[in-house]
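What follows is each chain in one-letter form.
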Amino acid sequence: MASTFKGKVWKFGDNINTDLVIPNYAVMYKLEDQLEHTFNANRPGWVKEMEPGDVLIVGKNFGVGSARDIGAIFKALGISGVVAESFNGLGLRNIINAGLPPLPCPGVMDIFDEGDVAEVDWVSGEVKNVTKGTTLQGVPMPKDLRDIVVAGGVENVLRAEGYLAAKS
Amino acid sequence: MGMNAIEKILSRKSEGQVVKPGDVVMVDVDFTVHFDSMRPDILKVNDPDKIIAMFDHQVPAPTVLAAEHAVNMRNFVEKFGVKNYFPVGKHGISHVLVAEEGYALPGKVLVNADSHTCSSGAMNCIARGIGPSEMTYILCKGRTWFLVGETTKIVLDGKLNERVYARDVIHYLPGEYGDFAQQNLEWYGDGLSTIDMDGRLTMATVSAELSAEFSLFPYDDVLANYVKDRARYEFEPGFPDDDATYAREIHVDLSTLEPQVVLPNFVANNVKPIGDITNEKIKVDQAFIGSCANGRLSDFAVAADILKGKKVAPGVRLLVTPGSQDILMKAMKAGYVETIMEAGGVVTSSTCGACFGGHMGLLASGETCITASTRNFQGRMGSPQANIYMGSPATVAASAIAGHISDPRNF
């Protein structure tokens, strides 16, 4: 897995919560059926507009709320990485465990406009606004946690070690 | 440099090394708590006796989909011989049950794929919500990682005034100090000894809304009395070292607090003392008391005390949902259920139910709810066009009678 991800930026503000990512009525749906409901309450239509490879640049306390697996949702939608002013701990765990690269980076909301292109080195922590030619330094995750992301998330590990049945 | 209580327990449960903020520690997990469903593709587990299984969010099953998931759960329990099992009839909200039933114990590590697992911090238990895939990982491997956050020490002084509750304390903090994302909380102070276990469990539960990691209460006389007849296992509490350091210390004088109401959609810096909003006469359509935050016997008692001899205002639905079968039974025997029903309220079976917009009490667009459940997020309890305010059970009961958000000190 590359140490960088690059893509078009979507911005979301502070306190983006799990219930906005996965609405209550969709909690028990299969993952593939949950995807179209992402941000239905706060930004209807976003799922149709976004494209695989896009990057999320988000505000403070991202992923606050429930255990709903926001990492699996964004991974399945093809988001290439999430850069946040700060993360909620549970939201961060789900992003790591789904194999999606996270990067905490205070100040990141100020250097991007939506639609800019971001290039993020989530190992060194350097965040580049390719469109504007500006950079900012984030705080990379410890290596042990990056290794989970590189392994493709915890379910891949379990399947490889024979704890889970092979995908049908 | 000494360790605080959270770091001490994490140290003991890992390699015994000194644990400090910024560390990633691998920790042995004592219990995984599972509800409503299990994935059928799990081939082997670490230890069936460390599994606790129950029905809590959607019980009895309100949809065919939930019923199918319940079948998966029952099959799993049978396949792996899970003994710690609470089927429908013994059901309750998981965080309520693990405390009542003596699983969440001082110094233990407990995880559950529900964010309000931090509830068991009231038991001096390292407990947190994790995601469903990680839940499967721990079920299989018996351990997981924690990224150690900085810890804020909260010292409570004084005593709460009448009609002001633990729920108001845990609203006041994020109103004043914002979120505590990726930070831990430890609770101390003379004022804490005046808050009973129901109140502490409320505060630990709602710590999730402060975005906290672990929210740990001390093993003191109040907790020791609560666990002594319940504990199913030996336990070793976590205490801070004498020279423990904290990133921050916050003092709260309980005697200065008035009831605190959280405004809709988010919690951090979105809280008002009730005196600042009652003149707006915010009309309510639904008033809800329940969930892992406030579905306990003392919450029934407060509601019944306020509702006794009164009637819920026309056009308001008052719903009260207990946290477990045991609580409902005790609330019936104490006469609380009768009082609430005579006032025009509805008492349901135990479930997460309306709290997460699952069943039994969803909101229509344009409606307003005052709730003593866990969350005020947009769309949380039904329509994204509904407004959710949060207050203590007393504030909810008073508002149900008045028909608008009201100060319980007037009742």
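Residues numbered from 1 in each chain as written. Chains lettered and ligands numbered in written order. Predicted model: local features only at pLDDT ≥ 70, side-chain atom pairs only at ≥ 80, totals over all residues.

Description of the pairing of strand S6 (residues 126-129) of chain B
All names here are of chain B. Side chains Ile 126 and Arg 128 project from S6 onto one buried face, and the interleaved Ala 127 and Gly 129 project onto a second face that is buried too. As defined by bridge partners, strand S5 (residues 109-112) adjoins S6 across four bridges and the pair is classed as parallel. Bridge assignment links Val 111 to a residue of S6, and that residue is Arg 128. (Buried ≥ 20, exposed ≤ 12 C-beta atoms within 10 Å, placed from the backbone. Helix = DSSP H or I, 4+ residues; strand = E, 2+ residues; numbered from the N terminus. Pairing = 2+ DSSP bridges.)

Digging into the interface of chain A and chain B
Of the residues lining the interface, 37 residues belong to chain A; the matching set on chain B comes to 37 residues. Contributions of two or more residues to the side of chain A that touches chain B are made by helix H1 (18-21), helix H4 (70-77), helix H5 (89-97), helix H7 (143-150) and helix H8 (154-160) of chain A. If you tally residues by element for the side of chain A that touches chain B, the top one is H5 of chain A, at five residues. Within the side of chain A that touches chain B, the residues separate by chemical class into 17 nonpolar, 15 polar and five charged. (Contact = placed C-beta atoms within 7 Å. Nonpolar A, V, L, I, M, F, W, Y, C, P; charged D, E, K, R; others polar.)

Observations regarding the sheet that holds S6 of chain B
Residues and elements named next belong to chain B. With parallel pairing, the five strands of this open sheet are ordered in space as S4-S3-S2-S5-S6. Each edge of the open sheet is held by one strand with a lone partner, namely strand S4 (84-86) and S6. On average, each strand axis in the sheet is inclined to that of its neighbour by 15 degrees, with strand direction left out of account. Where strand S3 (residues 51-54) meets S4, three bridges bridge the pair, whose relative direction is parallel. When the sheet's bridge partners are listed, Ile 52 is paired in S4 with Asn 84. Where helix H4 (residues 132-141) meets the sheet, its contacts fall on strand S2 (31-35), S3 and S5, and the angle it forms with S2 comes to roughly 130 degrees. (Axes fitted to C-alpha atoms, helices over the stretch in contact; angles between N-to-C directions.)

Things to note about H4 of chain A
What sets the pattern is the α-helix's 3.6 residues per turn: residues three or four places apart point alike. Taken residue by residue, H4 of chain A has Ile 70, Gly 71, Ala 72, Ile 73 and Phe 74 of chain A as its buried positions. Summarising the contacts, the buried residues of H4 of chain A are in contact with H1, helix H2 (31-34), strand S2 (55-58), strand S3 (81-84) and H5 of chain A together with H4 of chain B. Following H4 of chain A by one or two positions, Gly 78 of chain A adopts a phi angle in the positive range, close to 95 degrees.

Side note on the packing of helix H5 (residues 166-177) of chain B against helix H6 (residues 197-206) of chain B
Residue and element names in this part refer to chain B. Between H5 and H6, the least distance of the axes is 8 Å, while the angle of their chain directions is 25 degrees. Between H5 and H6, the interaxial angle falls into the category roughly parallel. Crossing of H5 against H6: the hand is right-handed. When H5 is examined against H6, the residues Ala 166, Arg 167, Val 169 and Ile 170 are found in contact with a partner set consisting of Gly 199, Arg 200, Thr 202, Met 203 and Val 206. A breakdown of the residues in the contact of H5 with H6 according to their chemical character gives five nonpolar, two polar and two charged. (Parallel < 35°, antiparallel > 145°, perpendicular 65-115°, else oblique. Left-handed = near helix turned anticlockwise from the far one by under 90°.)

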